[in-house]
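# Summary of the model geometry
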Amino acid sequence: MRLIKEISQMKDCRKKIKAPQTVGLVPTMGAFHEGHLSLIRKARQQCDKVVVSIFVNRIQFGKGDDYQRYPRNLSEDISLSEKEGVDVVFAPSLEEMYPQDYSTFVQVGGPLSSTLEGASRSGHFKGVATVLIKLFNIVKPDFSYFGEKDYQQVLIVKKVVDELNLDTQIIVLPTIREKDGLALSSRNSYLNKEERKAAVILYKALEKAKLWIEEGERNPFSIVSKIKDLIKKESLAKLDYVAVVNPETLEKVEDIKGEVLALLAVSIGKARLIDNLLLIAGRSYLEKKEKKFSIERSIKKCE
Ligand code: PAF
């Protein structure tokens, strides 16, 4: 496995990989957990060469966000990458990616980027889109791997790739959860024991929403209000937002028909956590999941 820190070296390395060999990119900010590893394993399964980027992207953090204390564990990430059969870890420095006079950014317009995370974290998606375009240009991946936990990010990345005519296929994999349902996140490491217990409230709230819909609830406002009440009862949790939306546009729905997505952001101690769940009125969630997995399974493997 190669560790590359310079953009020029990464580009040279990429140039040597010729079609029909395929390259999979797993873009990360490091501090790996099973969620990252599931993306790496899928890339390993599907592609001839796997590149994992590790870069804590300063420009997607706002003022007062956790850029300084975001967990960093490069040596552990490198050894995990090696174990998983990664070909290249690309870990550029901040100066390498954004030299002093850096001034080019990708601004994603429209409601998709101004709602939910976009509303709470101004400039966040501009930072995400900018770094990803840079990574796509440097690594030129045939396939790029993202987790469904960052649902809004995935929709935005797909839009950027589509609208800027980029040649990478976005592969999305399900959220990996702890046994009690807490979605894996590098930010879970901020939680102390008590906060960790409290953090399960995000998943519990989403599971409740699923149950209410299965029981016949069709009013999204009532679901949102019941989730707010649930979160209020958890004294360590501070709700940022909860919404029931159209899974494609993220627009709020007026009533629940077919598929909807429930998502929420909650602060617990120093951690701001997000989670989401696809909910289906009229069909059980597991049935839908099974359908999703089979679509996922049917994705053509790279030769
Ligand atoms: O999801 C993340 O870890 C980051 O937003 C990403 C996609 C690596 C861009 O910095």
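This section reports on the structure supplied with the text. (Residues numbered from 1 in each chain as written. Predicted model: local features only at pLDDT ≥ 70, side-chain atom pairs only at ≥ 80, totals over all residues. Heavy atoms only, no water.)

This paragraph deals with the sheet that holds strand 7 (residues 237–245). The sheet built from 3 strands is open, its strands ordered 7-8-9 with antiparallel pairing. The strands lining the two open edges of the sheet, one partner per strand, are strand 7 and strand 9 (271–280). Recorded for the sheet is a direction-independent mean angle of 15° between the axes of neighbouring strands. One ladder, built from 8 bridges, connects strand 7 with strand 8 (residues 259–268); its direction is antiparallel. Bridge pairing in strand 8 places L239 opposite V266. (Pairing = 2+ DSSP bridges. Helix = DSSP H or I, 4+ residues; strand = E, 2+ residues; numbered from the N terminus. Axes fitted to C-alpha atoms, helices over the stretch in contact; angles between N-to-C directions.)

The subject of this paragraph is the site of the ligand. Every residue near the ligand is listed here: P27, T28, M29, N57, Q60, V131, F146, D150 and Q153. A distance of 2.6 Å separates an oxygen atom of the ligand from a polar side-chain atom of Q60. Within the side chain of Q153, an N or O atom sits 2.7 Å from an oxygen atom of the ligand. Contact with the protein chains hides 88% of the accessible area of the ligand, taken as 290 Å² for the molecule alone. Residue classes in the shell around the ligand are distributed as 4 nonpolar, 4 polar and 1 charged. (Near = heavy atom within 4 Å. Polar contact = N/O pair within 3.5 Å; in protein donor to acceptor, adjacent residues only side chain to side chain. Areas by Shrake-Rupley, 256 points an atom, 1.4 Å probe, with all protein chains shown as cover. Nonpolar A, V, L, I, M, F, W, Y, C, P; charged D, E, K, R; others polar.)

Here we take up the packing of aromatic side chains. What the rule picks out here adds up to 5 aromatic pairs. Considering the side-chain rings of F61 and Y70, the 5.7 Å spacing of their centres and the 75° angle between planes classify their relative orientation as edge-to-face. Both residues of the pair, F61 and Y70, count as buried. Between Y98 and Y102, the ring centres sit 5.0 Å apart and the planes meet at 75°, which makes this aromatic pair edge-to-face. Given a relative accessible area of 22%, Y102 falls into the partly exposed group. One aromatic cluster is present, formed by F55, Y98, Y102 and F105 through successive ring pairs. For the cation-ring pair, K126 lies above F105, with the distance from its terminal atom to the ring centre recorded as 5.0 Å. (Phe/Tyr/Trp six-rings, centres within 6.5 Å; stacked < 30°, edge-to-face > 60°. Buried < 20%, exposed > 50% of the residue type's maximum accessible area, 1.4 Å probe, protein only. Lys NZ or Arg CZ within 6 Å of the ring centre and 35° of its normal.)

Right, let's get into the sheet that holds strand 4 (residues 88–90). The strand order 1-4-3-2-5-6 describes an open sheet built from 6 strands, whose pairing is parallel. Of all strands in the sheet, those with a lone pairing partner are strand 1 (2–4) and strand 6 (169–173), marking the two edges. Neighbouring strand axes in the sheet, compared pairwise and without regard to direction, differ in orientation by 25° on average. Inspection of the sheet shows strand 2 (residues 23–28) paired to strand 3 (residues 49–54) by 6 bridges, in the parallel sense. From the neighbouring strand, T28 faces strand 3, where its bridge partner is I54. Across the face of the sheet, helix 2 (residues 34–46) comes into contact with strand 2, strand 3, strand 5 (143–147) and strand 6 while running at roughly 155° to strand 5. On the sheet, helix 7 (residues 124–139) packs against strand 2, strand 3, strand 4, strand 5 and strand 6 and is oriented at approximately 150° with respect to strand 2. (Contact = heavy atoms within 4.5 Å.)

In a regular helix each residue adds 1.5 Å, so 14 residues correspond to 20 Å; helix 10 (residues 201–214) covers 20 Å between its end C-alpha atoms and thus fits that length. Buried within helix 10 we find I201, L202, Y203, A205, L206, A209, K210, W212 and I213. One or two positions beyond helix 10, positive phi appears at G216, with a value near 115°. (Expected span 1.5 Å × (residues − 1).)

Our focus in this paragraph is a positive patch on the surface. Among the surface-exposed residues, K11, K15, K18 and K140 lie close enough to one another that they form a single positively charged patch. Its place among the elements puts K140 in the loop between helix 7 and strand 5. Residue classification places K140 among the partly exposed residues on the basis of a relative accessible area of 47%. (Patch = residues over 30% accessible without salt bridge, like charges linked within 9 Å, V, L, I, M, F, W, Y side chains within 5 Å. Salt bridge = Lys/Arg side-chain N within 4 Å of Asp/Glu carboxyl O. Lys, Arg positive; Asp, Glu negative; His and termini not counted. Charge placed at Lys NZ, Arg CZ, Asp CG, Glu CD.)

This paragraph deals with the nonpolar core. Counting 45 residues, the largest nonpolar core has M10, V51, F90, M97, L132, F136 and L250 as its most contacted members. Where this core is concerned, the elements lending two or more residues are helix 1 (7–15), strand 2, strand 4, helix 7, helix 8 (151–163), strand 7, strand 8 and strand 9. No other element matches helix 7, which puts 10 residues into this core. For M97, the residues in contact, after removing those within four places along its chain, are I7, F55, P92, Y102, V131, K134, L135 and I138. Ranked by size, the runner-up nonpolar core spans 36 residues in total, among them F61, Y190, A271 and L277. (Core = buried A, V, L, I, M, F, W, Y, C linked by side-chain atoms within 4.5 Å.)

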